[in-house]
Structures are given as structure tokens and as C-alpha cells.
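Chain by chain, the residues run as shown.
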Amino acid sequence: MASCFASAKIINFGSQIRSNDRIPLDSQLGFSKVSILRSANEQWIPHGLYSNGSKPLMCRSGVSSIKCVSEVVKEKKAKSGSPASNLLITKKEGLEVYEDMVLGRTFEDMCAQMYYRGKMFGFVHLYNGQEAVSTGFIKLLRNEDCVVSTYRDHVHALSKGVSARAVMSELFGKTTGCCRGQGGSMHMFSKECNLLGGFAFIGEGIPVATGAAFTMKYKREVLNENCDDVTVAFFGDGTCNNGQFFECLNMAALWKLPIIFVVENNLWAIGMSHLRATSVPEIWKKGPAFGMPGIHVDGMDVLKVREVAKEAIGRARRGEGPTLVECETYRFRGHSLADPDELRDRAEKDKYAARDPITALKKYILENNLASEAELEAKDSKIEEVVEDAVEFANASPVPSREQLLQNVFVDPKGFGIGPDGKYRCEDPKFTEGTAQV
């Protein structure tokens with residue numbers, strides 16, 4: 001009953017809900033408006049499983065039926081002439097999506113190597129396993145569209161167009177990084193690519209994304225500019241119990257902002273299971289509570305993610321308002337590279353490893369003759385060269401000078417940290433007197 005049905009009509013799932021019933025979730029077709037109907041005296045109890053068996057659904061006890069209303073704006077035709085017309089992706093798109101996902105995976109694997117070799121410092125959070133979400137949404141965006149990320153932001157930056165060299169150099173703390181070495185792993189930013197930053201604290205990027213979407217709407221409706229840009233905000237399941245999340249859902253729905261809230265639900269908030277931390281585990285339900293569509297999609301399937309993303313982005317561009325999309329995914333590594341990953345059950349990890357999104361896409365491409373094994377291997381080799389080049393470039397790049405320490409920190413040229421001569425006080429040899437060497 002989550003989100004998407006093939007026709008605009010009331011759908012009745014049987015006359016009686018029994019204790020062992022399961023309710024289908026299918027977000028593959030797209031959507032326009034979704035609402036869940038229930039009477040005031042109905043009681044909801046945790047029950048059943050999502051269709052992939054990963055977490056509870058909510059089911060009603062003592063009611064005659066479950067009804068959902070869904071107005072679907074696009075429908076896949078079962079037959080439309082040639083077999084190729086039924087494919088969810090073209091060869092060009094398939095190779096682009098595959099290359100982006102492999103780039104993300106290969107880059108993160110290299111980050112792990114460099115971290116353990118002492119090339120990176122602090123916390124480094126890798127994205128392995130979640131590539132279908134980043135690629136599925138971001139590769140459908142234009143350069144003018146904005147993306148706001150979290151502390152797990154390397155792959156979002158790569159998908160948005162930031163070069164592997166710039167991201168790796170930032171991780172190495174070098175001046176050639178996208179933030180000149182001052183941001184590090186959790187704070188990727190690119191003005192040129194409209195990546196508005198990774199944010200270390202959960203939830204703090206959502207208001208920034210909401211503000212960016214408000215700017216887009218203001219340009220369009222107040223300044224009368226030809227602006228149909230959109231914003232995509234990425235965040236995890238652990239964020240969805242924070243106040244900023246609810247406040248921004250309310251504002252976005254109230255003002256019909258062009259924003260897509262993308263929940264990367266990898267089922268674990270560091271070491272806390274999502275099911276133990278949330279009274280209603282189905283995050284997508286929080287969308288309809290604020291008057292916007294709430295969609296659940298298999299975040300391990302990039303083609304399904306793309307179908308949902310197309311419609312959500314299209315709604316935002318048309319001025320129809322925000323969408324909340326819950327992508328159920330899984331990270332293949334610990335919370336960070338400092339996490340031994342001992343809390344998650346081995347069987348659970350094996351189950352999701354068997355559903356590797358890159359392996360699934362490769363299988364789809366080969367089975368539908370979109371590309372040959374040789375073409376995909378050529379992409380793999382190309383990506384390996386790109387990542388190795390990024391490491392060599394970062395290694396050879398200079399570290400920031402001491403004079404850069406307070407740059408981009410204070411706006412007021414006479415503010416704290418800047419002397420009356422207009423120069424940064426850190427340039428004074430006495431600046432670090434009595435402290436650790438900079």
C-alpha cells in the first residue's frame with residue numbers, strides 16, 4: 001500500500017486482513033498523488049514484512065479492508081511494438097549509470113586503502129552498497145540543480161560532477177581539494193557543481209536544502225525568472241526522528257517547494273537498528289502526514305530508484321511541490337572506517353551483499369543486450385585508471401600553507417583573527433606560540 005498503483009482508482013486488498021497477511025510495496029511505476037485512507041477508530045499494529053522481508057509493515061486490526069488512492073502520471077505499457085521499447089533504460093543511459101556506480105564503489109575501496117595507510121585522518125564514512133541511490137537520483141539532475149549531502153558524501157560529490165582528483169585531494173587535506181583541504185571527508189562542497197556541502201551533524205543539511213529550494217521558487221514566482229531548478233536532500237534513517245526533518249517537511253509542503261527529500265535508509269544509525277529507534281519504521285508515511293507523496297523504493301535497484309526519481313524530479317520542476325522518498329538500502333562496511341562492524345548480524349549482511357546493486361545492474365545490461373561483457377570491462381578499467389590517477393594527483397599536491405588557516409572562516413575583514421593591517425594573524429610567527437606546531 002506504499003505508493004504506486006497502475007491506475008487511478010480505489011484499490012481494495014481483500015475483505016479481511018488476517019494476522020499473516022503481507023501488503024505489497026511497489027514504487028516502480030511513478031506517482032502523482034498518494035494518500036492513505038483510514039477511519040479514526042482504526043488501530044495500527046506492527047505486523048508483517050516489507051516485500052523484501054527486511055522490516056515491519058503496519059497492518060490494521062479489526063478492519064474490513066485497506067484502501068489506497070493513487071493517481072499515477074505514467075504507466076509502462078506491457079507491449080509497445082518492439083522488445084527494446086519495454087526496457088527501463090537505453091544503452092547510453094545504462095553505460096552512464098554503470099560507470100557512475102562503479103566509480104563510486106572503486107573510489108570508496110581506494111579510500112579504505114588510503115585511510116589504513118595513514119593518508120587520511122579523522123572519520124571517513126564509506127558509501128559501498130548504496131550506489132543505486134546516489135546514481136539513481138543525481139544522474140537525472142542538471143548542473144543547475146542543487147544537492148545537499150551528509151557526512152557520507154564522497155559518492156554524492158562524484159555523481160554531481162566533482163572530479164575524482166578534487167575529492168581525493170580533499171580527503172588527503174591538500175590545496176587541490178574541492179575545499180582546498182579545509183573540509184575533509186565530511187564537508188565536500190562545489191559551487192561549480194551546485195553541491196551545497198556534506199554535513200557532519202545529522203539533519204543540519206535539510207534546512208540548507210529547504211532554503212535552496214525556497215530560493216528557486218522565489219526566482220520563479222517573485223523575480224519572474226525562467227527557473228525550474230530543483231534541490232535533492234540526502235539523509236539517513238537516523239535523521240528522521242530529528243525536529244529539523246519535520247519542520248522542513250512542513251515548510252516544503254506549505255510553500256510547495258521544488259525539493260525531493262531522499263532518505264537513504266540503510267537500516268542502521270551507527271550501531272542502532274532502525275527498528276529499535278523509530279515507533280513507526282515506515283519513514284515514507286511521514287510524507288502524507290504533511291501533505292506530500294511518500295514513496296518507498298528498493299534502494300538496491302538503481303532502475304527502480306530512477307523511475308521514482310524521474311517522477312519526483314518532474315513534479316518539482318512542474319511546481320507541484322516536494323516528495324519524500326524512502327530508499328531502503330544497505331551499507332556494506334561499518335558506519336565509518338573506525339567501526340569494526342560487530343553489531344550487525346552476519347546473515348543480514350550476507351543477504352544484502354547478495355543483492356549488490358552493481359551486480360544487479362550488470363546482469364540487467366547483459367541479459368537485455370544493452371552492452372557486452374567487453375564493454376563493461378572497458379568501463380571498469382577506465383574507472384580504475386581514474387581512481388589511481390586521483391591518488392597520484394592527491395599525493396603530489398601541496399598541503400595548505402599556514403596563512404590559509406583562517407581563510408574562509410571570518411567574513412568581516414576587521415573581525416577576530418585579522419590584524420589592523422588586513423593580514424591574517426596566523427601569519428605572525430608568534431600566532432602559534434605555546435601551541436602545537438601548525
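Relevant structure appears above.
Described below are features of the structure shown in this document. (Residues numbered from 1 in each chain as written. Predicted model: local features only at pLDDT ≥ 70, side-chain atom pairs only at ≥ 80, totals over all residues. Heavy atoms only, no water.)

1. Regarding the pairing of strand 12 (residues 323-328)
Phase 1 of the analysis: Counted residue by residue, strand 12 has 6 buried out of 6 residues, so it is predominantly covered.
Phase 2 of the analysis: Alternating residues of strand 12 divide into Thr-323, Val-325 and Cys-327 and Leu-324, Glu-326 and Glu-328, and every residue in both groups is buried.
Phase 3 of the analysis: The pairing of strand 8 (residues 259-265) with strand 12 spans 6 bridges and is parallel. Paired with Glu-264 across the two strands is Cys-327, which belongs to strand 12.
Phase 4 of the analysis: The pairing of strand 11 (residues 294-298) with strand 12 spans 5 bridges and is parallel. Pairing of Ile-295 across the sheet is with Val-325, part of strand 12. (Buried < 20%, exposed > 50% of the residue type's maximum accessible area, 1.4 Å probe, protein only. Helix = DSSP H or I, 4+ residues; strand = E, 2+ residues; numbered from the N terminus. Pairing = 2+ DSSP bridges.)

2. As for the environment of Leu-370
Phase 1 of the analysis: Among the secondary structure elements, Leu-370 is positioned in the loop between helix 11 (357-367) and helix 12 (373-396).
Phase 2 of the analysis: Residues Leu-370 and Gly-94 lie 276 residues apart in sequence; the distance between their C-alpha atoms is 7.4 Å.
Phase 3 of the analysis: Non-local contacts of Leu-370, meaning those with residues more than four positions away in its chain, are made with Leu-87, Ile-89, Thr-90, Lys-91, Tyr-364 and Ile-365. (Contact = heavy atoms within 4.5 Å.)

3. Overview of the environment of Gly-334
Phase 1 of the analysis: Inspection of the secondary structure puts Gly-334 in the loop between strand 12 and helix 10 (346-353).
Phase 2 of the analysis: The spatial distance from the C-alpha of Gly-334 to the C-alpha of Asn-128 is 9.7 Å, given a sequence separation of 206 residues.
Phase 3 of the analysis: Residues contacting Gly-334, with those up to four places away along its chain left out, are Arg-152, Asp-339, Asp-341 and Arg-344.

4. Quick notes on the pattern of salt bridges
Phase 1 of the analysis: Taken as a whole, this structure holds 23 salt bridges when the rule is applied.
Phase 2 of the analysis: In this structure, Asp-298 and Arg-355 form a salt bridge, with 2.5 Å as the shortest nitrogen-oxygen distance. Placement of Asp-298 in strand 11 and of Arg-355 in the loop between helix 10 and helix 11 is noted, with a sequence separation of 57 residues between them.
Phase 3 of the analysis: Of the residues examined, Arg-355 reaches a relative accessible area of 27% and is grouped as partly exposed.
Phase 4 of the analysis: Put simply, Glu-320 and Arg-318 hold a salt bridge, and the shortest N to O gap is 2.8 Å.
Phase 5 of the analysis: Look at Glu-320 and you get partly exposed, because its relative accessible area is 29%.
Phase 6 of the analysis: Overlapping salt bridges bring together Arg-142, Glu-144, Asp-228 and Asp-229 as one network. (Salt bridge = Lys/Arg side-chain N within 4 Å of Asp/Glu carboxyl O.)

5. Quick look at the nonpolar core
Phase 1 of the analysis: Core analysis: the largest hydrophobic core is formed by 67 residues, its most contacted members being Phe-107, Met-120, Phe-137, Met-168, Leu-171 and Ile-260.
Phase 2 of the analysis: In terms of residue count, helix 1 (residues 91-116) provides more of this core than any other element does, 12 residues in total.
Phase 3 of the analysis: Other than its neighbours up to four places away in sequence, Met-168 contacts Phe-107, Met-110, Cys-111, Met-120, Ala-390, Val-391 and Ala-394.
Phase 4 of the analysis: Residues Val-148, Ala-209, Cys-240 and Phe-261 belong to the second largest nonpolar core, which totals 20 residues. (Core = buried A, V, L, I, M, F, W, Y, C linked by side-chain atoms within 4.5 Å.)

6. So, the pairing of strand 11
Phase 1 of the analysis: Judged by how many residues are buried, strand 11 sits mostly within the fold: 5 of 5 residues are covered.
Phase 2 of the analysis: Residues Gly-294, His-296 and Asp-298 point to one face of strand 11 and Ile-295 and Val-297 to the other, with burial holding for every one of them.
Phase 3 of the analysis: Handedness of the β-α-β unit built from strand 11, helix 9 (residues 302-317) and strand 12 comes out right-handed. (Right-handed = clockwise from strand over helix to strand, strands pointing away.)

7. A few points about the state of the cysteines
Phase 1 of the analysis: In total, this model carries 0 disulfides according to the counting rule given.
Phase 2 of the analysis: For Cys-227, which is in no disulfide, the shortest distance to another cysteine sulfur is to Cys-146 and amounts to 9.1 Å.
Phase 3 of the analysis: Residue Cys-227 is classed as buried on the basis of its relative accessible area of 7%. (Disulfide = S-S within 2.5 Å.)

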